Amino acid sequence: MSTTPGPTPPFPATGRRVLVSGASRGLGRALARAFADNGDRVAVHFGSREQEARATLDSLAGDGHVLVGGDLSDPAGAKDVADRSADALGGIDVLVNNAAVNLPHPPATTSYEDWSALWQRHVTVNLLATANLSHLAAHRMADQGTGGRIVNIGSRGAFRGEPDHPAYGATKAAVHALGQSLAVALAPQGIAVASVAPGFFATERVAHRLGGAEGAAIRAQSPFGRAGTAEEIAAAVLWLASPLAEWASGAVLDLNGASHLRT
Ligand SMILES: NC(=O)c1ccc[n+]([C@@H]2O[C@H](COP(=O)([O-])OP(=O)(O)OC[C@H]3O[C@@H](n4cnc5c(N)ncnc54)[C@H](OP(=O)(O)O)[C@@H]3O)[C@@H](O)[C@H]2O)c1
């Protein structure tokens, strides 16, 4: 990566090469659709759900989208995913770090063996894969001389606490902090970095919770009396990836329907 800031061309509003990690379903699928609807080309990444990811790909507007599978839980896997995405798209202009795990491990009832293994897994996927993909994409963007955008999917849980999922809350807080550091470090390359911190929104992963005994309590967290939608989160990410959002670099944007007000 060149360290000397040079003039970067204006960041394009459409026709960009976008890598969305974890786009087999849920928010990743909504993100892929939002960028495709915007006229961008998307690398639809998946971990294990190839069939679902292919359904995402088949649902996208426009042409030139690609499917890229790969485990992000080790540095070589992340490199392979970034390389194959960039090769297939002809570069990377936007990276959305969406892939994550969120598995329960309440401290009082989780064995030490499970606790330490689950911490390892959350740190590996939620934090280290985000750091590794960000490094790889940032070097691509700098070498292209195009500038770029990196948007991290964080969480309200980083601020509010996640008593049954503490490693999830901690890794999402770390993702917010990583984004802030990278925003400062990468600005001279014309790369803006921001995070969103969503509250509860409806995806396949949480459908059983929204439809179950705790569904009413989850909806009551927001004074709007509902959970968010993946499309609402994707719309904010699309804006953070836009030319005019360069000035939002370093932001951690709350998207929680006024369910948690932080100062
Ligand atoms: N839903 C919510 O209420 C909520 C609230 C706040 C923040 N978030 C955040 O929003 C994002 C999307 O959430 P979601 O509900 O849509 O989750 P999801 O359906 O579980 O999607 C997670 C994605 O991450 C991928 N992934 C997980 N581990 C991986 C690994 N080791 N290697 C490669 N890919 C891996 C999965 O791939 P495969 O399925 O193909 O294996 C999947 O595509 C996450 O960052 C989550 O933390 C969600």
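Residues numbered from 1 in each chain as written. Predicted model: local features only at pLDDT ≥ 70, side-chain atom pairs only at ≥ 80, totals over all residues. Heavy atoms only, no water.

Looking only at helices and strands, the chain has 9 helices and 9 strands in total. Against the 2.2 N^0.38 benchmark of 18 Å for 263 residues, the chain shows a C-alpha radius of gyration of 18 Å, consistent with a compact globule. For the chain, the spread of C-alpha atoms along the principal axes amounts to about 50 × 40 × 35 Å. A burial count over the chain gives 50% of its 263 residues as buried. Intrachain contacts of the chain at a sequence separation of at least 6 include 72% that bridge at least 24 residues. (Helix = DSSP H or I, 4+ residues; strand = E, 2+ residues; numbered from the N terminus. Rg over C-alpha atoms; globule rule 2.2 N^0.38 Å. Buried < 20%, exposed > 50% of the residue type's maximum accessible area, 1.4 Å probe, protein only. Contact = heavy atoms within 4.5 Å.)

Moving on: the site of the ligand. Close to the ligand lie 30 residues, the nearest being S24, S48, R49, N98 and Y168. K172 places a side-chain nitrogen or oxygen 2.9 Å from an oxygen atom of the ligand. Note that an oxygen atom of the ligand is positioned 3.0 Å from one of the backbone N or O atoms of F201. Bound to the protein, the ligand loses 92% of the 910 Å² it would expose on its own. For the shell around the ligand, the secondary structure elements donating two or more residues are helix 1 (26-37), strand 2 (41-46) and helix 6 (166-186). Considered class by class, the residues forming the shell around the ligand number 13 nonpolar, 12 polar and 5 charged. (Near = heavy atom within 4 Å. Polar contact = N/O pair within 3.5 Å; in protein donor to acceptor, adjacent residues only side chain to side chain. Areas by Shrake-Rupley, 256 points an atom, 1.4 Å probe, with all protein chains shown as cover. Nonpolar A, V, L, I, M, F, W, Y, C, P; charged D, E, K, R; others polar.)

What follows deals with the side chain of R156. Mapped onto the secondary structure, R156 falls in the loop between strand 5 (148-153) and helix 5 (157-160). The side chain of R156 is buried and forms no salt bridge, while E162, the nearest opposite charge, is found at 6.0 Å. Residues in contact with R156, not counting those within four places in the same chain, are A197, P198, G199, F200, Q221, N256, S259 and H260. (Lys, Arg positive; Asp, Glu negative; His and termini not counted. Salt bridge = Lys/Arg side-chain N within 4 Å of Asp/Glu carboxyl O.)

Another aspect to go through is the packing of aromatic side chains. Following the criterion strictly, the structure yields 1 aromatic pair and no others. With 5.8 Å between their ring centres and 55 degrees between their planes, W115 and W119 make a pair best called tilted. In this pair, W115 and W119 both sit in helix 4 (residues 112-144), 4 residues apart, roughly one turn of the helix. Given a relative accessible area of 23%, W115 falls into the partly exposed group. With a relative accessible area of 26%, W119 lands in the partly exposed category. Above the ring of F11, the side-chain terminus of R149 is found at 4.3 Å from the ring centroid. A cation over a ring is seen here: R262 above F159, with NZ or CZ 3.9 Å from the ring centre. (Phe/Tyr/Trp six-rings, centres within 6.5 Å; stacked < 30°, edge-to-face > 60°. Lys NZ or Arg CZ within 6 Å of the ring centre and 35° of its normal.)

By the criterion of burial, strand 2 is predominantly enclosed, with 5 of the 6 residues buried. Bridging between strand 1 (residues 17-20) and strand 2 involves 4 bridges; their strand directions are parallel. Paired with V18 across the bridge in strand 2 is V42. Handedness of the crossover is the feature at issue here: the chain leaves strand 2, passes through helix 2 (residues 50-58), returns alongside strand 3 (residues 66-69), and the resulting connection is right-handed. (Pairing = 2+ DSSP bridges. Right-handed = clockwise from strand over helix to strand, strands pointing away.)

Now for the sheet that holds strand 2. The 7 strands are arranged 3-2-1-4-5-6-9 in an open sheet whose pairing can be described as parallel. Either end of the sheet is taken by a strand with one partner, and the two such strands are strand 3 and strand 9 (252-255). Each neighbouring strand pair of the sheet contributes to a mean axis angle of 20 degrees, computed without reference to strand direction. Relative to strand 5, strand 4 (residues 94-97) runs parallel, the two sharing 4 bridges. Within strand 5, the position partnered with V94 by the bridge is R149. Its contacts with the sheet put helix 3 (residues 75-89) on strand 1, strand 2 and strand 3, and the angle it makes with strand 3 is roughly 165 degrees. Sheet strands touched by helix 4: strand 1, strand 4, strand 5 and strand 6 (191-198). Its angle to strand 4, the strand with the most contacts, is close to 175 degrees. (Axes fitted to C-alpha atoms, helices over the stretch in contact; angles between N-to-C directions.)

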